[in-house]
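# Survey of secondary and tertiary structure
Listed below, chain by chain, are the residues.
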Amino acid sequence: QVQLVQSGAEVKKPGASVRVSCKASGFTFSVYFIHWVRQAPGQGLEWLGRIHPRSGDTTYAQKFQGRVTVTRDTSISTAYLELSSLKSDDTALYYCARENYGPDHWGQGTLVTVSS
Amino acid sequence: QTVVTQEPSFSVSPGGTVTLTCGLSSGSVSTSDYPSWYQLTPGQAPRTLIYNTNIRSSGVPDRFSGSILGNKAALTITGAQADDECDYYCVVHMSGGFWVFGGGTKLTVL
């Protein structure tokens, strides 16, 4: 079955960077866009960016341009989200999701806490 | 900036039918926007109910259905149950490949 398994929780200091991974299984990784979204405490979901694993082409939300980088390693069917220059309001649950004319499968989420 | 609009809250009686809607500030939602619906429960990953307008995700009961009603996407729940009480969100796939999420509808079953 389709699974997206994310890396564990992270605690970072302001100004640092964080990298979250999303390992795919149960489907052909290179065929589907993988998106990254986040949910801050008490808030809804916010889109950060996406990658097409086969080509490596990426699209980012304007709000995060220059701070977000999405990459992939097709040899291990894994996508990565890197967010730099972290601030306290980057504290959130970060999710990866597979695009199939909309999000059809989600990772379990990774809590990133930014605190001094 | 495109805004996706949803009713902030809705109430339905147990066994009743409710239709939640998802609109676009820039105009109409169509099937080419691939509107999708998901449940968001505190502490849990989003659960996709409907994607690509009306495709039910695996394991989702058939009392959940998606459609386009007028100029909006719609999620209809028939035979509402107590455990349907949660927050429902829609997401629209914009040209250029980015997603825009609605602010969510808090559904109360009472």
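As the structure is a prediction and not an experimental result, all values here were calculated from the model. (Residues numbered from 1 in each chain as written. Chains lettered and ligands numbered in written order. Predicted model: local features only at pLDDT ≥ 70, side-chain atom pairs only at ≥ 80, totals over all residues. Heavy atoms only, no water.)

### Some remarks on the interface of chain B and chain A
This is how it is decided: We call two residues in contact when some of their heavy atoms are within 4.5 Å. Note on terms: buried area is the combined drop in 1.4 Å-probe accessible area of two parts once they are placed together, counting the loss on both. In the analysis that follows, any N or O atom pair within 3.5 Å is treated as a polar contact, provided that within protein one partner can donate a hydrogen and the other can accept it, and provided that, for residues neighboring in sequence, both atoms belong to side chains. By definition, any uninterrupted DSSP run of H or I lasting at least four residues is a helix, any uninterrupted run of E lasting at least two residues is a strand, and each is numbered from the N terminus. Residue polarity follows a fixed list, in which Ala, Val, Leu, Ile, Met, Phe, Trp, Tyr, Cys and Pro are nonpolar, Asp, Glu, Lys and Arg are charged, and the others, Gly among them, are polar.
Between chain B and chain A, the residue contacts involve 19 residues of the former and 21 residues of the latter. Overall, the association of chain B and chain A removes approximately 1,700 Å² of surface from exposure, summing both partners, and the carbon and sulfur fraction of that is 68%. The interface formed by chain B and chain A holds four residue pairs in polar contact (both at pLDDT 80 or more) in total. Elements represented by at least two residues in the side of chain B that touches chain A include exactly strand S4 (36-40), strand S5 (47-51), strand S9 (87-93) and strand S10 (99-101) of chain B. Of the residues belonging to the side of chain B that touches chain A, the class tally is 11 nonpolar, eight polar and no charged.

### Focus: the pairing of strand S3 (residues 18-24) of chain B
Residue and element names in this part refer to chain B. So the rule is basically this: The rule is simple: take the accessible area with a 1.4 Å probe, protein chains only, and divide by the maximum for that residue type; under 20% is buried, over 50% is exposed, in between is partly exposed. If DSSP finds at least two bridges between two strands, the strands pair.
By the criterion of burial, S3 is predominantly enclosed, with six of the seven residues buried. Two strands pair when backbone bridges link them, and strand S1 (residues 4-6) and S3 are joined in this way by three bridges, in the antiparallel orientation. Its bridge partner being in S3, Gln-6 is matched across the sheet by Cys-22. As defined by bridge partners, S3 adjoins strand S8 (residues 72-77) across five bridges and the pair is classed as antiparallel. If you follow Thr-21 over to S8, its bridge partner there is Ala-74.

### Digging into the sheet that holds S3(B)
Residue and element names in this part refer to chain B. Rule in force here: Where helices are involved, their axes are fitted lines through C-alpha atoms of the stretch in contact, as for all axes, and angles between N-to-C directions lie from 0 to 180°.
What the four strands build is an open sheet, ordered S1-S3-S8-S7; its pairing is antiparallel. Both edges of this open sheet fall to S1 and strand S7 (64-69), since each of them pairs with a single strand only. If you compare each strand with its neighbour and ignore which way they point, the axes differ by 25° on average.

### Some points on the pattern of salt bridges
Residue and element names in this part refer to chain A. As a reminder, the rule being used: A side-chain nitrogen of Lys or Arg and a carboxyl oxygen of Asp or Glu constitute a salt bridge if their distance falls within 4 Å.
Summed over the entire model, instances satisfying the criterion amount to seven salt bridges over all chains. Across the pair Asp-90 and Arg-38 runs a salt bridge, and its minimum N-O distance is 2.8 Å. Taken together, the positions of Asp-90 in the loop between strand S8 (78-83) and strand S9 (92-99) and Arg-38 in strand S4 (residues 34-39) put the pair 52 residues apart, joining distant regions of the chain. Comparing Asp-90 with Arg-38, the two get one shared label, buried. Between Asp-90 and Arg-67 there is a salt bridge, with its nearest N and O atoms 2.8 Å apart. In this pair, Asp-90 sits in the loop between S8 and S9 while Arg-67 sits in the loop between strand S6 (58-60) and strand S7 (68-73), placing the two residues 23 residues apart along the sequence. Of the two residues examined, Asp-90 and Arg-67, each falls in the buried class. Members of the salt-bridge network, linked through shared partners, are Arg-38, Glu-46, Lys-63, Arg-67 and Asp-90.

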